[in-house]
Amino acid sequence: MGTLAAALMVSCASDGTLPVPEATLEECVYMGDKTEFTVWAPDAEAAQLRLYRSASDEAAFKIVNMKLGKDGLWKAVVKEDVKGAFYTFQVQKDGQWLEETEGIAAKAVGVNGMRGAVIDWDETDPEGWEDDRSPEIKPSDIIVYELQHRDFSIHETSGVNNKGKYLALTEEGTLNPDGLSTGIDHLKELGVTYVQLLPSTDFATIDETRLEDNQYNWGYEPLNYNAVEGSFSTDPYDPVVRIKEFKQMVQALHKAGFRVILDVVYNHTTNAANTGFERTMPGYFYRMRPDGTFFDGSGCGNETASEQAMFRKYMIESLEWWMKEYHIDGFRFDLMAIHDIETMNEISSRLHAIDPDVVIYGEGWAASAPAFPAEKIALKANTHMLDKVGAFSDNIRDALRGPLDCSNAGFMDGVAFPGGSGSDYPLTIGSGAFIPGFEEALIGAEIGKETDVNVTFPEEYQAEELAGKAAVFKCTVKEIKEKELPELDDEFASEVSEFDTLAEYKADVKVKLEEGKAKEAKDAKEAAVIEAIIAEAEMDIPEAMVATQQRQMVDEFAQRMQMQGLTMEQYFQFTGASYEQMVEQVKP
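Just so it is clear, the model here is predicted, and its values are computed rather than measured. (Residues numbered from 1 in each chain as written. Predicted model: local features only at pLDDT ≥ 70, side-chain atom pairs only at ≥ 80, totals over all residues. Heavy atoms only, no water.)

Student: Sorry, what's going on with the overall build of the protein chain here?
Tutor: A tally of helices and strands in the protein chain yields 13 helices and 22 strands. Scored against the burial criterion, the 588 residues of the protein chain give a buried share of 48%. Surface accessibility of the protein chain: about 28,600 Å² in total, with carbon and sulfur atoms responsible for 50%. (Helix = DSSP H or I, 4+ residues; strand = E, 2+ residues; numbered from the N terminus. Buried < 20%, exposed > 50% of the residue type's maximum accessible area, 1.4 Å probe, protein only. Areas by Shrake-Rupley, 256 points an atom, 1.4 Å probe, with all protein chains shown as cover.)

Student: Would you take a moment to explain the sheet that holds strand β17 (residues 390-391) for this structure?
Tutor: Think of a sheet as strands paired side by side through backbone hydrogen bonds, with each pair either parallel or antiparallel. In spatial order, the strands read β10-β11-β14-β15-β16-β17; together these six strands make up an open sheet with parallel pairing. The strands lining the two open edges of the sheet, one partner per strand, are β10 (144-147) and β17. Pairing geometry for β10 and strand β11 (residues 194-197), over four bridges, is parallel. The partner of Tyr145 across the bridge, within β11, is Val195. The sheet contacts of helix α5 (residues 309-326) involve β14 (259-264) and β15 (330-333), and relative to β15 the element is tilted by about 135 degrees. (Pairing = 2+ DSSP bridges. Contact = heavy atoms within 4.5 Å. Axes fitted to C-alpha atoms, helices over the stretch in contact; angles between N-to-C directions.)

Student: For this particular structure, what's the right way to read the side chain of Glu27?
Tutor: Relative to the helices and strands, Glu27 resides in the segment before β1 (28-30). In this structure Glu27 is buried but unpaired, with Lys107 as the nearest side chain of opposite charge at 9.0 Å. A distance of 3.0 Å separates a polar atom in the side chain of Glu27 from the backbone nitrogen of Ala105. A polar contact of 3.4 Å, which involves the side chain of Glu27, links it to the backbone nitrogen of Ala106. Not counting the four nearest positions on each side in its chain, Glu27 is found in contact with Glu36, Phe37, Thr38, Phe89, Glu102, Gly103, Ile104, Ala105 and Ala106. (Lys, Arg positive; Asp, Glu negative; His and termini not counted. Salt bridge = Lys/Arg side-chain N within 4 Å of Asp/Glu carboxyl O. Polar contact = N/O pair within 3.5 Å; in protein donor to acceptor, adjacent residues only side chain to side chain.)

Student: Looking at this structure, I do not really get the packing of aromatic side chains. What am I missing?
Tutor: For any pair of aromatic rings, the description consists of the separation of the ring centres together with the inter-plane angle of the planes. The tally for this structure, following the rule as stated, stands at 26 aromatic pairs. Between Tyr225 and Tyr314 the ring centres are 6.1 Å apart and the planes differ by 70 degrees, which places this aromatic pair in the edge-to-face class. Of this pair, Tyr225 sits in strand β13 (residues 222-228) while Tyr314 sits in helix α5, and the two are 89 residues apart along the sequence. For Tyr314, a relative accessible area of 5% puts it in the buried group. Linked through ring pairs, Trp40, Tyr225, Tyr266, Phe277, Tyr284, Phe285, Tyr286, Phe294, Phe311, Tyr314 and Phe333 together constitute an aromatic cluster. Positioned above the aromatic ring of Phe61, the side-chain terminus of Arg53 is 3.8 Å from the ring centre. (Phe/Tyr/Trp six-rings, centres within 6.5 Å; stacked < 30°, edge-to-face > 60°. Lys NZ or Arg CZ within 6 Å of the ring centre and 35° of its normal.)

Student: Teacher, can you tell me more about α5 here?
Tutor: One turn of an α-helix holds 3.6 residues; hence residues three or four places apart share an orientation. With 18 residues, α5 should reach 26 Å at 1.5 Å per residue; the first-to-last C-alpha distance of 25 Å fits that figure. A large share of α5 lies buried, amounting to 16 of its 18 residues. His327 sits one or two residues past α5 and shows a positive phi near 60 degrees. (Expected span 1.5 Å × (residues − 1).)

Student: Sorry, what's going on with the packing of helix α3 (residues 239-255) against α5 here?
Tutor: Pairs of packed helices are described in terms of their axes, by the angle between the two and the distance that separates them. Two elements in contact, α3 and α5, have axes whose closest approach is 11 Å; the angle formed by their N-to-C orientations is 75 degrees. Between α3 and α5, the crossing angle belongs to the class labelled roughly perpendicular. Counting all contacts with α3, which are made through Ile243, Phe246, Lys247 and Val250, the residues of α5 involved are Trp322, Glu325 and Tyr326. Tallied by class, residues from the contact of α3 with α5 come to five nonpolar, no polar and two charged. (Parallel < 35°, antiparallel > 145°, perpendicular 65-115°, else oblique. Nonpolar A, V, L, I, M, F, W, Y, C, P; charged D, E, K, R; others polar.)

Student: Explanation requested: the nonpolar core in the structure shown.
Tutor: Looking at soluble globular proteins, one finds that nonpolar side chains tend to be buried together. Residues Phe246, Phe285, Trp322, Phe331 and Phe333 are the most contacted members of the largest nonpolar core, which totals 67 residues. Those elements that provide at least two residues to this core are α2 (183-190), β11, β13, α3, β14, α5, β15 and α6 (341-354). With 10 residues, α5 is the largest single contributor of residues to this core. If we skip the residues at most four places from it in the chain, Phe333 touches Val264, Tyr266, Met315, Leu319, His339, Met344, Ile347, Ile360, Tyr361, Gly362 and Glu363. (Core = buried A, V, L, I, M, F, W, Y, C linked by side-chain atoms within 4.5 Å.)

Student: Hey, could you run me through the sheet that holds strand β5 (residues 67-68) in this one?
Tutor: The four strands lie next to each other as β1-β2-β6-β5, forming an open sheet whose pairing is antiparallel. Because the sheet does not close on itself, it has two edges, and the strands there are β1 and β5. With two bridges connecting them, β5 and strand β6 (residues 73-78) associate as antiparallel partners. Across the sheet, residue Leu68 finds its bridge partner in β6, namely Trp74.

Student: Looking at this structure, how should I read the pattern of salt bridges?
Tutor: Taken as a whole, this structure holds 26 salt bridges when the rule is applied. The partner of Lys247 in a salt bridge is Glu325, and the shortest N-O contact between them spans 2.5 Å. With Lys247 in helix α3 and Glu325 in helix α5, the pair connects residues that are 78 residues apart, well separated along the chain. Taken individually, Lys247 and Glu325 each receive the classification buried, so the pair is uniform in this respect. Sharing partners across several salt bridges, the network here consists of Asp263, Arg332, Asp334 and Glu363.

Student: I tried to follow empty space enclosed by the protein on my own but got confused; where do I start?
Tutor: The rolling of a water-molecule-sized probe over the atoms marks out the regions of remaining empty space. A complete count under the given rule lists two cavities of 30 Å³ or more for this structure. Taken as a whole, the largest cavity spans an internal volume of roughly 40 Å³. Lining the largest cavity are Gly103, Ile104, Leu223, Asn224, Tyr225, Thr275, Gly276, Phe277 and Tyr314. Mapped by element, the contributors of at least two residues to the lining of the largest cavity are β13 and α4 (276-280). A per-element tally of the lining of the largest cavity places β13 first, with three residues. Residues belonging to the lining of the largest cavity are distributed by class as follows: five nonpolar, four polar and no charged. (1 Å grid on protein atoms, 1.4 Å probe; cavity = no way out; pocket = protein on both sides within 12 Å on 5 of 7 lines; lining within 4 Å. Points joined across faces, edges and corners; volume = space filled by probe spheres on them.)

Given below as structure tokens:
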């Protein structure tokens, strides 16, 4: 059941009543003979620091009760040299101790990222790091190459020694058996100027203690946003190694003439229950439904709440950290439309203050409608409200590539499931017509070659037996077609209208659109009055009924357009909108 008047935009923790620190959040500061630990948990009743000899020891060698200071910060100072130790925080709420956590801002972590690490950051800098400089590249010369660390060098013929690792990009002179350049030399030959790294912050799913099992994940399951992923390092057990090797990679790319963009995934996390966010401030960092469950505009189980003051601060400081400590030159935001415009503009302002040439862009969409007003989020349609922040254009991509005709068979745990198979299914990339992630996985697929597509059905999927389950679809692309768009000329006008010229047709369409907008405005006023009445009443309305009403409103608009001689297909062509976008726009 959904409460219509509440617009279903609720967070469990009220932002206005919680203190937000002015200073940068530093959870672990090593000073040699002492280390200061801090965790933000303003509504906790108590907090403890636990120190471990290793990332896997069961028993802590020291437990320290933390003291609550100003701005909701719990602090503890350990007055001895604990370099090399690992730590967790544990907070108490409502008389119960929550699960241990590495915190929300751990910058160095142990294997699998469940404990923070006490390190000397001076030991993480490779030789010459202080002299590392980004090459100067004009905006007009930006050519971006997207790269996944493992994929780039893992093949047995790559000629790279550190296959699948950060260090692969530091090796020069590598060749394949045919004598062709590979690795960083191959990038030089391509003529690209920027290298965009797929997620490199510490993510879940890959078990870093079992890398010999050849596990695979692109990294879109973030766990620790400020720490480097361990599976691409030569030693995930040593927190210093992953950091130093990542810096060596950046240093090598800069030396070779490339700037470096990091693909960042602040829009959602891995299983929320396993994160520092939920283990310190449950319900605050995510957008929550009134019943305490997670909104899921990301299609990954949750969506973060960038409008919350502390998470906005967190995002900004995290990005600044990557620029200052790791010399990153730009950021690509995954599902950027989950984030609010105010946050993205503040990010842009702060990052451009560090480097005026920083590049910021992202996906101007979400997997499904986020739980935040559409006019206030970083949608592609709202890019005119973003300051020095770009967005991908999937319209251009779809126009160039067109739809895919493919056949597929779906499996769960190796067993085919009912309804999981299809044949000669026409699929347009970017349409969002299937499970989130399905279309993206088929980009680059070869005709006639079977491709495994790994997806997870949304929790709210209509077939309950599939909801939340992981599945593998074995897909074969049979044909790739380019979408052919008609030329907007006099011939087009004469075919679709009573007019002989395009100019006459455009003028007529403009008049009809203006008439439709005037009618829309009148209807909006009437709707506002009704909504004001509803807002004063308490009533629960089934979400299915709300969705039905949305579509009815759009269909009524289509009928009005048709009575004025304009089809919805023509309306969409001229406005660039789609049926589903209109449905979302009328959502109460």
